[in-house]
Amino acid sequence: MQFPLRARPRKNRANQWRGCRMMDVPPANQSQTPCQWADYSSWSSPCSPLPALQHLSVGSPQTQSSSSSSCNSSFGPPYHQAYVNGGQVPPPSSLPLPSKPHQASHVTPHCVQQVSPAPLVSPGFQNGPQMNPTVPLHPASPVQPAWLLPPNRGAEASEPDHGVTLQSPTSESRYGLNPELLPSAVKVMADDAAAWADKVFMSEPFSGLPPLPTTLCVFQDRGNVSPRVIRPTSYCAPFDGQMALRSRVPMGAVVTPLAGPADSETPPPLCREEECVSGCRSCGAYMCSAVSWQDCGQRFYCPFCGKLSEVSWQHYQPTAGVQGARVDREKRPELHMGSYEILSSQKDEAAVLLLAVDVSACALRTGNLEFVTRQLHELLSSLKREHGGTRVGLITYDSRVHLYDLSLHLSRPHMLVLTDTEDLLLPVSEGLLVPLEDCVESLHSVFQLLPHFTPECDDSAGVSLELPVRAGLAVLQTLKCPGKLLLFHTAPLTEIGPSTTSGFFGSNKPKTLFQPSDGAISLAKQCVSQGCGVHLFFLAFQDVGGAWPGHVPYLTGGALHSYSHLQGELDQERFSSDLRRTVKQDTGYKAELLMFVNKDVRVSGCYGMFVPGPSPSKVAMATVDSWTSLAVELAHSRALEEPRGLVLQAVLKYSTQCGERRIRVHTLTLKCSRHLQDTYRNCQAQTLLTFYCKKMYCGALERPLQELREELQTEVTELLASYRKHCGSSSVSAGQLVLPQHLRALPVYVNSLRKSEVLLPGVRSSVHQRLQQRCQVVAMDPLSTATHFYPRLLPLFPALSGSLAGEAALRCSAASLDPGALYLVHAPLALLLWVGAEVPACTLAQLFNTSCFSSLPSGETKLPPLENSVSARVRSLVDSLNSQVSCARTLLVVKQGDACKEVLQRHLVEDKSPNGGASYADFLYHLHVNSVRLLQ
């Protein structure tokens, strides 16, 4: 793919990349003319002065005929497509232009055809026609393309006249690029959804690219794991380490081991341990479809360690056919499926539900204690009908710990007070955990009495969050069972350090804020070994410095749910929703994830929310659910064998709610190639984004944020430079941007990651928001990650008689907002409703029960249940979007021009962000300039 960007050749080739980095807040000094760039000499960056843009030559990939070319490949169609939008801009006389285009080594020949530019109103680019390889080259059309118009003229040509300026200054490019005609992530997702509509992806060994994570599609297991579970960074692995280094594509995978199937898909089959064919006795890998049989089925070759293993006589079956497959292959899931589950003969204790409630003076004074006890009673009463056998326990605490004996033979519960909080020794263990169906009335009587207790001390500042966690852990350890520990805390936290300061985050100090304390790590390790997942409900959350209580919950597979004003109706509804989701979420306990790869490859890193262990190929987790996701990084030990490819196996051992010990086995078989374009052709931008995100966010624990942002831009710049050098056409000039076909959206994703609140905090960024957002995003799967860094902007009413938007998403830019319309912004952690100033009064009345725009309340709200089709359809869409995320959200109404606009601007990722992050157009321009300079 080629887009018109031109970089001036660099004379000094020494140390080309170092010092060439993106400036986050570049000053806009001077205005631009249509054919001449402003003077950016005031930038303190070695990249200035910036070069001019030149014409675009439109090419189409040519079929390779020479077998000696290093870009020759036997895999599928041509590896990238060209785009039609020819034209040129007369360069300024002060900037010298290259006399000839850059000559790349080992290139694939391309053909160029003279074409007409796309119209101004056409978003994106159109695929170029396939040309005959013998057609001679032609110069590009001299017509000036739309996206090279100056910002003011391009905006005027594309904006409808609504009386209000739609083009925000933050969406204009500093270099005259029309953002609407840059590669569009929305168009990439729409094209992929259209290509896979009503189709089924057959997941077979050595299969090609699946649909994107954002595409709704049915997956069928044909010997390879579903993409819902494992998505590699490339479905064609580099042949050796040198090729992997040359490609600049990270080799790894994103693993969601307990990802559930879609409604029309079948879950992994369950088989008993004694009935399954045993795996490799040398390395411990489990049986999979990638093994090869020898000696008529008496032995098999392990694809991971390369050794032969004997088959027990109980599981022996002969082989048949040319490929030597066992005759019972189709009857055994472990032999022909990519995912299956083993029911172990071992059995653990059933998981329990342990409640810890703050009864300090602060909890009583605010009324939070009464509200929590009422909600818990309603939840347990409904849970009794579904899971009456679940054992439940209760703990209350202030400066001391109170345990409750809920034994059935007692006339009323007994309270046990532990005064020694340093060494928690339980005087008794009987009655602390009782089946819910036997103790729901006893718990109800305790809940009624708790709001009337008199606290020991009026000072609630001495209440520690570590105390109830250690008390709950002591109960689980004494009774030797895993479970969920739900903490309901109200007492304020102690302020440590400043809450907001951009200079503080720009130094090396922020990494100490992201790092949990030694005490938190020690406590989390104990919870992991016991299978205790901590879920903290902070009922009076205050935004104070570094005293953040979320480290232990997130390191144990739990979460932190914070509420600033629990007495408000919206927070109460969100609390009830979070509580139900937490209790009813299917969870695995005492989990252990094992990674097996070829002997030619090793696991070099693992990134996610867990306590790091001695080996990246073995991860222990207290709890795991269908949303838990990790990233593994691989490295070559030696060259791969092309016929065998790369085999990756993820094995999750865990206990269910009822105590069954299960082993879920996922196997992925990838092809490998000696040709770089095969690696690029089999990449997907959303998977790379997820991998980069987990790696960078985990790196924030140890490294400065500026260093992480520079490394991220360096990796993407070198990736584009390598693709241009090794897979580009000889006819590509230095003024043309070349992108792999399936990485068109990578620059906008990476720019959104670079300027996220975690890596680039703004003046109003709070410590707690950034700490929690980091933990939430690190645990996200590829679908949630892609939606987080590029939210869906959904227009609600193109016409009142038309249908609501579901798939007609728009680009995340202020230029997409029409003052006469309403838009939903859907992200995993936020749901916004933008209301334009010129929305018809009848629409406001149908949706908000008010016809006056000025009287419409902004901020967190709940749509009123009005009896009309508009209100019903919008509320149905909101409920549908809320069901797709892992946490409860409150709808935030943002009116055009009000004080909440900064919240919206953070989600318009193609524009310049409020924290100073560059716009998508400017970032793409700098990526191209620096990638070309690397090759000069």
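Residues numbered from 1 in each chain as written. Predicted model: local features only at pLDDT ≥ 70, side-chain atom pairs only at ≥ 80, totals over all residues. Heavy atoms only, no water.

*Asks:* Describe the overall build of the protein chain, naming the residues involved and giving the relevant values.
*Replies:* When its secondary structure is counted, the protein chain shows 23 helices and 37 strands. Counting across all 936 residues of the protein chain, residues that qualify as buried make up 58%. Pairs at least 24 residues apart make up 76% of the contacts formed inside the protein chain by residues separated by at least 6 positions. Approximately 37,200 Å² of the protein chain is accessible, and the part contributed by carbon and sulfur atoms is 50%. (Helix = DSSP H or I, 4+ residues; strand = E, 2+ residues; numbered from the N terminus. Buried < 20%, exposed > 50% of the residue type's maximum accessible area, 1.4 Å probe, protein only. Contact = heavy atoms within 4.5 Å. Areas by Shrake-Rupley, 256 points an atom, 1.4 Å probe, with all protein chains shown as cover.)

*Asks:* Describe helix 20 (residues 841–848), naming the residues involved and giving the relevant values.
*Replies:* Those residues of helix 20 not exposed but buried are T843, L844, L847 and F848. Buried residues of helix 20, seen end-on, are gathered within an arc of 100° and therefore sit on one face of the element. Taken from the residues just after helix 20, N849 is the one with a positive phi, measuring 65°. (Arc of directions from axis to C-beta.)

*Asks:* Give a detailed account of the pattern of salt bridges, specifying residues and quantitative values.
*Replies:* In the structure shown here, the tally under the stated rule is 27 salt bridges. Taking the shortest distance from any N to any O, the salt bridge between E711 and R703 comes out at 2.3 Å. Residues joined in a network through salt bridges with shared partners are R326, D328, R332 and E334. (Salt bridge = Lys/Arg side-chain N within 4 Å of Asp/Glu carboxyl O.)

*Asks:* How would you summarise the packing of aromatic side chains if you had to cite specific residues and measurements?
*Replies:* In this structure the tally under the stated criterion is 16 aromatic pairs. Between F201 and F219 the ring centres are 5.9 Å apart and the planes differ by 80°, which places this aromatic pair in the edge-to-face class. Of this pair, F201 sits in strand 6 (residues 200–203) while F219 is found in strand 7 (residues 218–221), placing the two residues 18 residues apart along the sequence. A relative accessible area of 6% places F201 in the buried class. Judged by its relative accessible area of 9%, F219 falls in the buried class. One aromatic cluster is present, built from ring pairs that chain together F371, F488, F537, Y563 and F575. The aromatic ring of W293 is capped on one face by R326, whose charged end is 5.1 Å from the ring centroid. (Phe/Tyr/Trp six-rings, centres within 6.5 Å; stacked < 30°, edge-to-face > 60°. Lys NZ or Arg CZ within 6 Å of the ring centre and 35° of its normal.)

*Asks:* Quick one: what's the story with a nonpolar patch on the surface, residue by residue and with numbers?
*Replies:* A contiguous nonpolar surface patch, about 340 Å² in accessible area, is contributed by M415, V417, L449 and F453. Within the element layout of this structure, M415 appears in strand 21 (residues 414–418). (Patch = residues over 30% accessible without salt bridge, like charges linked within 9 Å, V, L, I, M, F, W, Y side chains within 5 Å.)

*Asks:* Just give me the short version of the confidence of the model for the protein chain, but keep the residues and values in it.
*Replies:* Taken as a whole, the protein chain shows an average pLDDT of 79; of its residues, 77% reach a score of 70 or greater. Of all helices and strands in the protein chain, the one with the weakest mean pLDDT is strand 3 (residues 83–84) (28), whereas strand 10 (residues 252–255) scores best (98). Across residues 2–171, where pLDDT falls below 50, the model places 409 contacts with residues more than four positions away in sequence or in other chains. In the predicted structure, residues 495–505 sits below a pLDDT of 50 and forms 27 contacts with residues beyond four places in sequence or in another chain. (pLDDT = per-residue confidence, 0-100.)

*Asks:* Go over the pairing of strand 17 (residues 339–347), please, and point to the residues and values.
*Replies:* Across three bridges, the pairing between strand 11 (residues 270–272) and strand 17 is parallel. Bridge pairing in strand 17 links L270 to E341. With six bridges joining them, strand 17 and strand 31 (residues 660–673) adopt antiparallel strand pairing. The residue of strand 31 that forms the bridge with Y340 is V665. (Pairing = 2+ DSSP bridges.)

*Asks:* So what's going on with the environment of Q772? Which residues, and what values?
*Replies:* In this structure, Q772 sits in helix 18 (residues 767–778). Using a relative accessible area of 12% as the deciding quantity, one classes Q772 as buried. Put simply, Q772 and P549 are 223 residues apart on the chain and 9.6 Å apart in space, counted from C-alpha to C-alpha.

*Asks:* Can you lay out the side chain of Q530 for me, pointing to particular residues and giving the numbers?
*Replies:* Residue placement: Q530 occurs in helix 11 (residues 518–530). When sequence neighbours within four positions are dropped, the list of residues in contact with Q530 reads L473, L476, Q477, K480, C481, P482 and K590.

*Asks:* Can you lay out the packing of helix 15 (residues 685–699) against helix 19 (residues 782–789) for me, pointing to particular residues and giving the numbers?
*Replies:* Describing two packed helices takes the angle between their axes plus the distance from one axis to the other. Relative orientation of the contacting elements helix 15 and helix 19 amounts to 85°, with a least axis distance of 9 Å. Taken together, the axes of helix 15 and helix 19 are roughly perpendicular relative to one another. For the pair helix 15 and helix 19, the contacting residues are Q686, L689, T690, C693 and Y697 in the first and P782, T785, A786 and F789 in the second. Here the residues of the contact of helix 15 with helix 19 are counted per class, giving six nonpolar, three polar and no charged. (Axes fitted to C-alpha atoms, helices over the stretch in contact; angles between N-to-C directions. Parallel < 35°, antiparallel > 145°, perpendicular 65-115°, else oblique. Nonpolar A, V, L, I, M, F, W, Y, C, P; charged D, E, K, R; others polar.)

*Asks:* Any chance you could break down the nonpolar core for me, citing the residues and the numbers?
*Replies:* By size, the foremost hydrophobic cluster in this structure holds 108 residues, and its most contacted members are Y697, Y749, L753 and Y790. Among the elements that take part in this core, helix 15 stands out by supplying nine residues, more than any other. If we ignore the near neighbours within four places in the chain, the residues touching L753 are L689, Y692, C693, Y697, L712, L759 and F789. The next biggest cluster of nonpolar side chains, apart from the first, holds 34 residues, and it includes I230, V624, L640 and L648. (Core = buried A, V, L, I, M, F, W, Y, C linked by side-chain atoms within 4.5 Å.)

*Asks:* An account of the sheet that holds strand 14 (residues 308–310) is needed here, citing residue identities and associated values.
*Replies:* An order of 12-13-14 is seen for the three strands of this open sheet, with the pairing classed as antiparallel. Pairing within the sheet leaves two strands with one partner each, and these edge strands are strand 12 (292–294) and strand 14. Direction aside, the axes of adjacent strands within the sheet are offset by 30° on average. Sheet topology note: the strand 12/strand 13 (residues 299–301) ladder contains three bridges and is antiparallel. From the neighbouring strand, S292 faces strand 13, where its bridge partner is Y301.

*Asks:* Which residues make up the environment of M609, and what values go with them?
*Replies:* Here M609 lies in the loop between strand 27 (601–607) and strand 28 (618–624). Each C-alpha atom, one on M609 and one on A779, is 6.0 Å from the other, the two residues being 170 residues apart in sequence. Once you skip the residues sitting within four places of it in the chain, M609 turns out to touch Y554, L555, R774, C775, V778 and A779.

*Asks:* Can you explain helix 21 (residues 869–882)? Please cite residues and give values.
*Replies:* In a regular helix each residue adds 1.5 Å, so 14 residues correspond to 20 Å; helix 21 covers 20 Å between its end C-alpha atoms and thus fits that length. Every buried residue of helix 21 is listed here: V870, S871, V874, L877, V878, L881 and N882. Burial along helix 21 is one-sided: seen end-on, the buried residues are contained in an arc of 135°. For helix 21, the N-terminal capping position is held by N868, with its side-chain oxygen 3.1 Å away from the main-chain nitrogen of V870. (Expected span 1.5 Å × (residues − 1). Polar contact = N/O pair within 3.5 Å; in protein donor to acceptor, adjacent residues only side chain to side chain.)

*Asks:* Residue-level account of unusual backbone geometry, with values.
*Replies:* Phi is positive for R248, close to 65°, though the residue is something other than glycine. Overall, R248 belongs to the partly exposed group, its relative accessible area being 34%. Even without being glycine, N849 reaches a positive phi, approximately 65°. Within the secondary structure, N849 sits in the loop between helix 20 and strand 36 (859–860).

*Asks:* Summarise the packing of helix 16 (residues 705–727) against helix 23 (residues 920–934); cite the residues concerned and give the values.
*Replies:* It is the contact of helix 16 with helix 23, at a shortest axis distance of 8 Å, that shows an interaxial angle of 60°. Taken together, the axes of helix 16 and helix 23 lie oblique to each other. In the crossing of helix 16 with helix 23, the sense of the turn from one axis to the other is right-handed. Judged by residue contacts, Q713, V716, T717, E718, L720, A721 and R724 of helix 16 engage F923, L927, H928, N930, S931, V932 and L934 from helix 23. Split into classes, the residues belonging to the contact of helix 16 with helix 23 amount to seven nonpolar, five polar and two charged. (Left-handed = near helix turned anticlockwise from the far one by under 90°.)

*Asks:* If you had to explain the side chain of R661 to someone new, which residues and values would you point to?
*Replies:* Tracing the backbone through its elements, the reader meets R661 in strand 31. Within polar-contact distance, the side chain of R661 engages the backbone oxygen of K590 at 3.1 Å. A polar side-chain atom of R661 sits 2.8 Å from a polar atom in the side chain of S655. R661 has contacts with I342, L343, S344, Q346, D348, Y589, K590, K653, Y654 and S655, leaving out every residue within four places of it along the chain.

*Asks:* Tell me about the sheet that holds strand 29 (residues 630–636), residues and numbers included.
*Replies:* Reading across from one edge, 8-10-29-27 is the order of the four strands in this open sheet, with antiparallel pairing throughout. Each edge of the open sheet is held by one strand with a lone partner, namely strand 8 (230–232) and strand 27. The sheet shows a mean angle of 25° between the axes of neighbouring strands, taken without regard to direction. Where strand 10 lies against strand 29, four bridges are found, and the strand directions are antiparallel. Along strand 29, the bridge assignment pairs V255 with L630. Here helix 15 sits on the sheet and contacts strand 8, strand 10, strand 27 and strand 29; the angle it forms with strand 29, its principal contact strand, is near 95°.

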